[in-house]
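# Coordinate inspection notes
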Amino acid sequence: MILVMAGTSDARELALRIAGAGYPVTASVVTESAAKSIEEAGPPVRAGRLNADGLYEWLRDNGIHTVVDASHPFAEEASRNAMAAAKRAGVPYIRYERESGVYEPHGSLLYAEDYVQAAELAAAKGGVVMLTTGSKTLHIFAERLLGKPNVTLVARMLPRKDNMEKCEQLGLEQRNIVAMQGPFSKELNAALYRHYGVTLMITKESGKEGAVDEKLEAALEAGIETIVIGRPKLEYDTVHTNFEAVLAELAALTTEV
């Protein structure tokens, strides 16, 4: 049995490709909505977060012989847990990560090494800041931007109850919350920027599948400054950026057995 950590749309497609190649697959996702989208296509799914110990026990108890980590490029903790659990269980670990875009700093396009640096850059610039990096790190930006007289923080995130509760706890006004499920077209991004009078947009280097290009193009065409946050730097033995390479490694592992 192969466990595919499938937290993104392209990762879920990879899980289906692996199953279609004849391998027994279980997909692992965090949310019930993601689980439903995969279950409708066929492979069994486990939903919910697991730490390294919990994941190790799950691998052991369910006869998993290979872990394919196709989690989001910014799901640093999930990847660390997967590597640790696979090593402890003595099973191969394969990393799939969508290709990164090329975002060279120029003009109104800025680059930040992490969330804190991005928040501090935004605080220094001021204006209407649209945050499109999700709710997990919202507190980093709220601590540095909310309450500043020259800054309005607008946050875009999934329309989930826990996200709305987090916004309330941090003091983000309802009128400055965009609770929507993506993907977002370039036109919709542009409309949101106009509606809120955005002067600075913050995004992550998630890759084309993460709709980063649509955000960037809409912002840069409107003359809106953009901060792109670089991916976490983890050490993988090998990183595959296409499905064929993952399938080839799985085939090689099967041959070895």
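This text follows the structure it describes.
Every value quoted in this text rests on a predicted model; they were computed, and no experiment measured them.

## Quick notes on the sheet that holds strand β5 (residues 93-96)
The 6 strands are arranged β3-β2-β1-β4-β5-β12 in an open sheet whose pairing can be described as parallel. Sheet topology places β3 (45-47) and β12 (239-240) at the edges, where each strand pairs with a single neighbour. As paired strands, strand β1 (residues 2-5) and strand β4 (residues 66-69) are joined by 4 bridges and run parallel to one another. Each bridged residue has a counterpart across the sheet, and for L3 the counterpart in β4 is V67. Strand contacts of helix α1 (residues 9-20): β1, β2 (25-29), β4 and β5, with the helix running at about 160° to β1, the strand carrying the most contacts. Along the sheet face, helix α3 (residues 52-61) touches β1, β2, β3 and β4 and points at about 150° away from the line of β1.

## Quick look at the packing of helix α6 (residues 138-145) against helix α7 (residues 161-170)
Here α6 crosses α7 at 25°, and the two axes come no closer than 10 Å. Our classification of the angle between α6 and α7 gives roughly parallel. Seen from above, α6 lies across α7 with right-handed handedness. Along the contact surface, α6 presents L138, H139 and A142, while α7 presents K166, C167 and L170.

## Side note on the packing of α3 against helix α4 (residues 76-89)
Across the interface, α3 lies against α4 with an axial gap of 8 Å and an inter-helix angle of 45°. The angle between α3 and α4 falls in the class oblique. Between α3 and α4 lies a crossing whose hand is right-handed. Between α3, through A52, D53, L55, Y56 and L59, and α4, the contact on the second element is made entirely by N81, A82, A84, A85, A86, R88 and A89. Residue composition of the contact of α3 with α4, by class: 9 nonpolar, 1 polar and 2 charged.

## Let's talk about the packing of aromatic side chains
Two aromatic rings are characterised by how far apart their centres lie and by the angle between their planes. For the structure on display, the rule yields 3 aromatic pairs. Seen from their ring centres, Y93 and Y236 are 6.4 Å apart, and the 10° between their planes marks the pair as stacked. Within this pair, whereas Y93 is found in strand β5, its partner Y236 is found in the loop between β11 (225-229) and β12, the two being separated by 143 residues in sequence. For the pair Y93 and Y236, a shared accessibility class is recorded, and that class is buried. Here the basic side chain of R156 rests over the ring of F184, its NZ or CZ set 3.8 Å away from the ring centre.

## Digging into the nonpolar core
V129, F141, L145, I202 and I227 are the most contacted members of the largest nonpolar core, which has 25 residues in total. Counting only elements with at least two residues in this core, the list comes to β6 (109-112), α5 (115-125), β7 (127-131), α6, β8 (151-157), β10 (200-204) and β11. If you tally residues by element for this core, the top one is α5, at 5 residues. Counting residues in each nonpolar core, the second largest holds 21 residues, with I2, A15, V68 and I94 among its members.

Conventions and cut-offs
Residues numbered from 1 in each chain as written. Predicted model: local features only at pLDDT ≥ 70, side-chain atom pairs only at ≥ 80, totals over all residues. Heavy atoms only, no water. Pairing = 2+ DSSP bridges. Helix = DSSP H or I, 4+ residues; strand = E, 2+ residues; numbered from the N terminus. Contact = heavy atoms within 4.5 Å. Axes fitted to C-alpha atoms, helices over the stretch in contact; angles between N-to-C directions. Parallel < 35°, antiparallel > 145°, perpendicular 65-115°, else oblique. Left-handed = near helix turned anticlockwise from the far one by under 90°. Nonpolar A, V, L, I, M, F, W, Y, C, P; charged D, E, K, R; others polar. Phe/Tyr/Trp six-rings, centres within 6.5 Å; stacked < 30°, edge-to-face > 60°. Buried < 20%, exposed > 50% of the residue type's maximum accessible area, 1.4 Å probe, protein only. Lys NZ or Arg CZ within 6 Å of the ring centre and 35° of its normal. Core = buried A, V, L, I, M, F, W, Y, C linked by side-chain atoms within 4.5 Å.

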